[in-house]
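Structure at a glance
Below are the chains, spelled out letter by letter.
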Amino acid sequence: MAGKARSSLLSALFLVLLFFGSSASPPRTLRARRPCKRLLFYFHDILYNGHNSKNATSAIVGSPAWGNLTKLAGQSHFGNVVVFDDPITMDNNLHSTPVGRAQGFYIYDKKDIFTAWLGFSFVFNSTEHNGSINFAGADPLMNKTRDISVVGGTGDFFMTRGVATLSTDAFEGEVYFRLFVDIKLYECW
Amino acid sequence: MAGKARSSLLSALFLVLLFFGSSASPPRTLRARRPCKRLLFYFHDILYNGHNSKNATSAIVGSPAWGNLTKLAGQSHFGNVVVFDDPITMDNNLHSTPVGRAQGFYIYDKKDIFTAWLGFSFVFNSTEHNGSINFAGADPLMNKTRDISVVGGTGDFFMTRGVATLSTDAFEGEVYFRLFVDIKLYECW
Amino acid sequence: MAGKARSSLLSALFLVLLFFGSSASPPRTLRARRPCKRLLFYFHDILYNGHNSKNATSAIVGSPAWGNLTKLAGQSHFGNVVVFDDPITMDNNLHSTPVGRAQGFYIYDKKDIFTAWLGFSFVFNSTEHNGSINFAGADPLMNKTRDISVVGGTGDFFMTRGVATLSTDAFEGEVYFRLFVDIKLYECW
C-alpha cells in the first residue's frame, strides 16, 4: 500500500512538475482555442465628396501631392487619409438603428492595388454594450476576408484582445461601402 | 495511515486536475484584479494657431476640405489631424520640469460633438522611468472621464498592457488643454 | 514509510498551493524570458519628392502650415505625415526579392530633433510566412536603436505580442532610408 501511495505520489509530483515545466514557455499556445466572446456587426461609410455634407460619415483629410480633399486620389488612392464616424448596425441596412459608432481613420497605402491601414474603435453606449473595442491593422481590401487585430478594450471589453475578420458586404462607387465585421475575442477579462 | 495518505493523494491530484481543467479557459478572467502598476501624470497641449510657433507643442497637419491648418475646422473639428509633442508633468503646472514627453497624434472624428481618436506614446528618459508606454483608443472628450487602451510598452514598461483614464483638467479656448492621465497597468512583465 | 509518504504529500500540496498563490498575481512577470519567436528583416523607404513617382514607396500626405507635400518641412519635419508601402527584404539590398511589405504611416512629431510615431504592419503572403504583424510606438530615430511594440498579429502571427528593435541601417539625404528590424515575440499562440 505504501508502495502504491509512493507511485501515486510520484505521479502527482510528475504532473505538478510537468505544469511548472510548461509554464516556462509562453502560457497561451493553444492555437485551436475558441473565442471567449464573438460579436457580429456591420458598419457603413459614406465619404464626403463635396456634395453630401449632410449624409457623409467620413472625409478625406490627407492626400498626396497629386490628390485633393473631395476626391480619392489616383494610383489606388495611395496616400489618402480618411477620418470616419460610421454607424454600426446589427444587420446590413444603413437605416437600421445604430448600436454604436465606428470611429477612427483609414489610410490607403499601396499604389498598384487597394489596400488600407486602419486605426479605429467601436464605441458602444447602450444597455447591451458599454465600452470600446480598439482595432489596428492592415486591410488588403480586395481580399474577400482580411484579419486585423483587436489591440485592447475598455468597459465591457476591458483588456480584451482578439482578431476581427473584415469583409466588404457592399459598395457603391467611391462614396459608400459597408463592412461586415466578425469580432473574435480570445482574451476576456 | 496509508488510507489517509491515499485520500490526501487524491486531493492533491484533484487540485492538479482542477487547475489543468481551468487552464483550458482563458487564463486571465479576474475582472476585479487590481493594477500591478499605477501612474498619474498631466500633459499639456498648446496648439499652433499661426502666431505661437515658439510655444506651440502641437500642430494641425490634416484637415477636411472645409478647414485649414491654422484654425480647427467647423463641425466639431471633424477631420482635423493634430500632431503633438507635449510635456508630461507630475503636477498641473505647465511650467513644472517635464518628466517625459507625450508624442503622437489625435484626430477629431465626429461632426456633432467633440470626439477624438488617439495614437500616442509616453516617452520617458530619466532616472525614474526609462522606456515608453503606447496608447490607442477613442476619446469622447466631452465626457468627464474616458478610457483608452495601453497596447504595449518598452524599457521599464516592457510588454505592459492596461487602461488609461483621461480627464480634461483645464482648457483655454482652442489653444491650450491639459489632460490628467491615470494609467492602470494590469500586465506587468 | 507512511510518514515519508505524508511528508512527500505535503510537499506536493505545497507546490500546488504555491502555484495557486502565485497565479493570483499577474501571470507573466518573468522579465528575463526569451522570445518564443524572433525575426530579422530590413525594409526600404523611398520618399516621393515630386520627381521619383516610379520608384517612390512613400509619400507625404500631411504637413503643418509651414510645409508642403513634396518636401519634408522645417523644424525637424514636425507635423509631416508619411504613408508608406515599403518592400521587406532578408538582407540589406534594396533590390533583393521582397519577402513582404511594410505598410502604414509615420508622423514626425518633434520640433527640435528627429522623432516619429509609427503605426504599421508587416504583411506576408508567401510559403514562408502568411499573415501580418502589427506595430505601434515612438521612434526617436536619432538613437542607434529604439524599441516599439508589437501589438498584435494575424495568420501565422495570430494574437502575437512583442517588442521590435529598430535601427537605421542606411539613409541617403531625405529620399531613402533603410531600417533593420529585430522582432522579438514574447507571446506566441
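From a predicted model like this one, the values you see are computed outputs, not experimental measurements.

Cut-off values and rules
Residues numbered from 1 in each chain as written. Chains lettered and ligands numbered in written order. Predicted model: local features only at pLDDT ≥ 70, side-chain atom pairs only at ≥ 80, totals over all residues. Heavy atoms only, no water. Phe/Tyr/Trp six-rings, centres within 6.5 Å; stacked < 30°, edge-to-face > 60°. Helix = DSSP H or I, 4+ residues; strand = E, 2+ residues; numbered from the N terminus. Buried < 20%, exposed > 50% of the residue type's maximum accessible area, 1.4 Å probe, protein only. Disulfide = S-S within 2.5 Å. Pairing = 2+ DSSP bridges. Core = buried A, V, L, I, M, F, W, Y, C linked by side-chain atoms within 4.5 Å. Contact = heavy atoms within 4.5 Å. Salt bridge = Lys/Arg side-chain N within 4 Å of Asp/Glu carboxyl O. Lys, Arg positive; Asp, Glu negative; His and termini not counted. Polar contact = N/O pair within 3.5 Å; in protein donor to acceptor, adjacent residues only side chain to side chain. pLDDT = per-residue confidence, 0-100.

With respect to the packing of aromatic side chains
One pass over the structure, following the stated rule, counts 69 aromatic pairs over all chains. Both rings, one in F105(A) and one in F105(C), keep their centres 5.6 Å apart while their planes meet at 85 degrees; by these two values the pair is edge-to-face. Separated into two different chains, F105(A) in strand β4 (residues 100–108) and F105(C) in strand β4 (residues 100–108) make up a pair that spans both. The exposure class of F105(C) is buried, given its relative accessible area of 2%. Members of the aromatic cluster, joined through ring pairs, are F41(A), F43(A), F84(A), Y106(A), Y108(A), F120(A), F122(A), F124(A), F135(A), F157(A) and F177(A).

Here's the deal with the state of the cysteines
Residue and element names in this part refer to chain A. Tallying each qualifying case throughout the model produces 3 disulfides over all chains. Disulfide partner of C36: C188, at an S-S distance of 2.0 Å. Across the disulfide from C36 to C188, rotation about the S-S bond amounts to roughly 85 degrees, and the bridge is consequently right-handed. Note that C36 is positioned in the loop between α1 (2–23) and β1 (37–46) and C188 in the segment after β9 (176–187), a separation of 152 residues in sequence.

Overview of unusual backbone geometry
Residue and element names in this part refer to chain A. Despite not being glycine, Q75 has its phi angle at roughly 55 degrees, a positive value. Take Q75: it is sitting in the loop between β2 (58–62) and β3 (81–89). With a phi close to 65 degrees, H77 is a non-glycine residue in the positive phi region. Positionally, H77 belongs in the loop between β2 and β3. Exposure remark for H77: the relative accessible area of 8% places this residue in the buried category.

Some words on the pairing of strand β1 (residues 37–46) of chain C
Residues and elements named next belong to chain C. The buried fraction of β1 amounts to 7 of the 10 residues, a majority that puts the element mostly inside the structure. Where β1 meets strand β9 (residues 176–187), 10 bridges bridge the pair, whose relative direction is antiparallel. Across the sheet, residue K37 finds its bridge partner in β9, namely L185. Here β1 runs beside strand β3 (residues 81–89); their pairing, made up of 2 bridges, is antiparallel. Bridging from a neighbouring strand, F43 pairs with I88 of β3.

Some words on the nonpolar core
Formed by 39 residues in total, the largest nonpolar core has its most connected members in F105(A), F105(B) and F105(C). Those residues in contact with F105(C) that sit more than four places away from it in its chain are F105(A), I107(A), W117(A), F105(B), V82(C), V83(C), F84(C), W117(C), L118(C), G119(C) and F120(C).

Observations concerning the pattern of salt bridges
In the structure shown here, the tally under the stated rule is 27 salt bridges over all chains. Across the salt bridge formed by D182(B) and R38(B), the nearest N and O atoms sit 2.5 Å from each other. Of the two residues, D182(B) is situated in strand β9 (residues 176–187) and R38(B) in strand β1 (residues 37–46); the sequence distance between them amounts to 144 residues. Using a relative accessible area of 10% as the deciding quantity, one classes D182(B) as buried. For R38(B), a relative accessible area of 53% gives the class exposed. D139(B) serves as the salt-bridge partner of R146(B), at 2.5 Å between the closest nitrogen and oxygen. Assigned by exposure class, R146(B) and D139(B) land together as buried. Connected via shared salt-bridge partners are R161(A), E187(A), R161(B), E187(B), R161(C) and E187(C).

Points about the side chain of D45(A)
All names here are of chain A. Following the sequence through the fold, D45 ends up in strand β1. No salt bridge forms around the buried D45; measuring N to O, its nearest opposite-charge neighbour R101 is 9.4 Å away. Among the polar contacts listed, one links the side chain of D45 to the side chain of S58, at a separation of 3.0 Å. Apart from residues no more than four positions distant in its own chain, D45 is found in contact with T57, S58, F84, D86, Y106, V175, Y176 and F177.

Here we look at the environment of N80(A)
Residue and element names in this part refer to chain A. In this fold, N80 is placed in the loop between β2 and β3. Assessed through its relative accessible area of 0%, N80 is described here as buried. Put simply, N80 and N68 are 12 residues apart on the chain and 8.7 Å apart in space, counted from C-alpha to C-alpha. Once residues lying within four places of it in the same chain are set aside, the contact partners of N80 are I60, G62, S63, P64, N68, L72, A73, Y106, I107 and Y108.

Here we look at the confidence of the model for chain A
Residues and elements named next belong to chain A. Per-residue confidence for chain A averages 88 on the pLDDT scale, and 83% of its residues sit at or above 70. Contacts of residues 16–32 to residues separated by more than four positions or lying in other chains number 32 contacts, the stretch itself having pLDDT below 50. Predicted as a complex, the structure gets a pTM of 0.85 and an ipTM equal to 0.84.

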